[in-house]
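# Descriptive analysis of the structure
So you can see what is in the structure, the chains are spelled out below.
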Amino acid sequence: MEHLTQRAVATMRERYHEPLGLDDLARSAMVSKFYFLRVFRRTTGVTPGRFLAAVRLHEAKRLLVSTSFSVADVSARVCYSSAGTFSRRFTAAVGLSPTQYRRVGRGGFAEHPGIAPPPLPPGPLGTVSGTADVLGNPLSPVRLGVFDGPILQGRPVAWSTLDGAGPFHLGRVPPGTWYLHAVALGSHLPAERLNGPPLLVGTVGPVQIDAGAHVRLDLAVQQENSTHPPVLLALPDLPPPHPSAPPAPTHRSTIMIPKQRASDLHPAPRLATA
């Protein structure tokens, strides 16, 4: 099943600037769209629509740092018909506005404001602890947090940093259904240098955490593969996406997002809660 998802993800990364629909992605995987939808979600943990949205924002991060395109131009090149909508969703997912991300990314992230969880709700809170098994050689601290979705984006409700593999503890986690994410910068082989250093990632969830309860979670942090949703949250230790092939030529008049049925791409809700 994974090879079907890999084909679809390759199509997303190559044609992110096009108004792709579920039919297009299913054709790229050479299966029916209903079977494709089930397989893709089972493999990646998200719908094709959410994965494609993450690919587009990840590409926007690269364009902001590696080109001189305006924010409006970048939003058009990643298939947004409104620069305002793009800026809101980018800021909610990445934690910085497009302009801030460009400035911080070009400055080596030395000016990154850091990650601050939101204010905690009143009442009893839960805790999460466990062990992070890092399969690889991390070149940065392992950043670990509790998020509200299967994509590493937005603001974590609890946050910690590890020097490497080992035990962790996250206190004061609000009751709810959460995902535990971990990420670090990994080392690479000499042949991989042109593609930039890989990320080490790990995800566990969804997990229900009740008020006053303690949950134990162990997770493996290993090299990111093509079926893992892109990491969108900007972190102080992680460089911006490595420049790849030049962006495909597009025109604003040809990348307007057409109206689609909710059953087609199952788009993510507004990223304020994603």
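What counts and what doesn't
Residues numbered from 1 in each chain as written. Predicted model: local features only at pLDDT ≥ 70, side-chain atom pairs only at ≥ 80, totals over all residues. Heavy atoms only, no water. Helix = DSSP H or I, 4+ residues; strand = E, 2+ residues; numbered from the N terminus. Buried < 20%, exposed > 50% of the residue type's maximum accessible area, 1.4 Å probe, protein only. Contact = heavy atoms within 4.5 Å. Areas by Shrake-Rupley, 256 points an atom, 1.4 Å probe, with all protein chains shown as cover. Salt bridge = Lys/Arg side-chain N within 4 Å of Asp/Glu carboxyl O. Axes fitted to C-alpha atoms, helices over the stretch in contact; angles between N-to-C directions. Parallel < 35°, antiparallel > 145°, perpendicular 65-115°, else oblique. Pairing = 2+ DSSP bridges. 1 Å grid on protein atoms, 1.4 Å probe; cavity = no way out; pocket = protein on both sides within 12 Å on 5 of 7 lines; lining within 4 Å. Points joined across faces, edges and corners; volume = space filled by probe spheres on them. Nonpolar A, V, L, I, M, F, W, Y, C, P; charged D, E, K, R; others polar. Phe/Tyr/Trp six-rings, centres within 6.5 Å; stacked < 30°, edge-to-face > 60°. Lys NZ or Arg CZ within 6 Å of the ring centre and 35° of its normal.

For the rest of this paragraph, the subject is the overall build of the protein chain. When its secondary structure is counted, the protein chain shows eight helices and eight strands. Looking at the protein chain as a whole, 48% of its 274 residues are labelled buried. Sequence-distant contacts in the protein chain: of pairs separated by 6 or more residues, those separated by 24 or more amount to 72%. On the protein chain, roughly 12,900 Å² of surface is accessible, and the fraction owed to carbon and sulfur atoms is 55%.

So, about the pattern of salt bridges. One pass over the full model with this rule turns up five salt bridges. Between Lys33 and Asp23 there is a salt bridge; the shortest N-O distance is 3.7 Å. With Lys33 in helix H3 (residues 33-44) and Asp23 in helix H2 (residues 22-29), this pair connects stretches of sequence that are ten residues apart. On the basis of relative accessibility, which here comes to 40%, the residue Asp23 falls in the partly exposed class. One salt bridge in this structure joins Glu59 and Arg62, with 2.6 Å as the shortest N-O distance. Taken together, the residues Glu59 and Arg62, both in helix H4 (residues 48-66) and three residues apart, mark about one turn of the helix. By relative accessible area, Glu59 is classed as buried at 13%.

We now examine unusual backbone geometry. Between Gly205 and Pro206 the backbone carries a cis peptide bond, its omega angle lying at 0°. Looking at the secondary structure, you find Pro206 in strand E6 (residues 199-209). Despite not being glycine, Met30 has its phi angle at roughly 60°, a positive value. Looking at the secondary structure, you find Met30 in the loop between H2 and H3. What makes Met30 exposed here is its relative accessible area of 61%.

A few words now on the packing of H4 against helix H6 (residues 83-94). Their axes nearest at 11 Å, the elements H4 and H6 cross at an angle of 95°. One finds that H4 runs roughly perpendicular with respect to H6. Contacts between H4 and H6 involve Leu57, Ala60, Lys61 and Leu64 from the first element and Phe86, Arg89, Phe90, Ala93 and Val94 from the second.

Okay, the pairing of strand E3 (residues 158-162) next. Only one face of E3 is buried: it carries Ala158, Ser160 and Leu162, and the other face, with Trp159 and Thr161, is open. Pairing of strand E2 (residues 142-147) with E3, which is carried by five bridges, proceeds in the antiparallel orientation. Along E3, the bridge assignment pairs Leu144 with Ser160.

Bringing empty space enclosed by the protein into the picture now. Per the stated rule, a full pass over the model turns up two cavities of 30 Å³ or more. The volume enclosed by the second largest cavity comes to roughly 40 Å³. What lines the second largest cavity is Val128, Val146, Trp178, Tyr179, Leu180, Val207, Ile209 and Leu217. Broken down by secondary-structure element, the contributors of at least two residues to the lining of the second largest cavity are strand E5 (176-185) and E6. Split by residue class, the lining of the second largest cavity holds eight nonpolar, no polar and no charged.

Moving on, we come to the pairing of strand E1 (residues 126-135). Note that E1 and strand E4 (residues 166-173) share six bridges and pair antiparallel. In the strand pairing of E4, Val128 is matched with Leu170. Here E1 runs beside strand E7 (residues 214-216); their pairing, made up of three bridges, is parallel. Paired with Val128 across the strands is Val215, a residue of E7.

Moving on, we get to the packing of aromatic side chains. Summed over all chains, the structure comprises six aromatic pairs. Summarising the aromatic geometry, the rings of Phe36 and Phe40 are spaced 5.5 Å apart at their centres and angled 55° between planes, so their arrangement reads as tilted. Of this pair, Phe36 and Phe40 are both found in helix H3, four residues apart, which corresponds to roughly one turn of the helix. The same class applies to Phe36 and to Phe40, which are both buried. With a centroid separation of 5.4 Å and 85° between ring planes, the pair formed by Phe40 and Phe51 is classed as edge-to-face. Of the two residues, Phe40 is situated in helix H3 and Phe51 in helix H4; the sequence distance between them amounts to eleven residues. An aromatic cluster of three or more residues is present, and its members are Tyr80, Phe86, Phe90 and Tyr101. Above the plane of the ring of Phe69 lies Arg77, whose end atom (NZ or CZ) is 4.0 Å from the centre.

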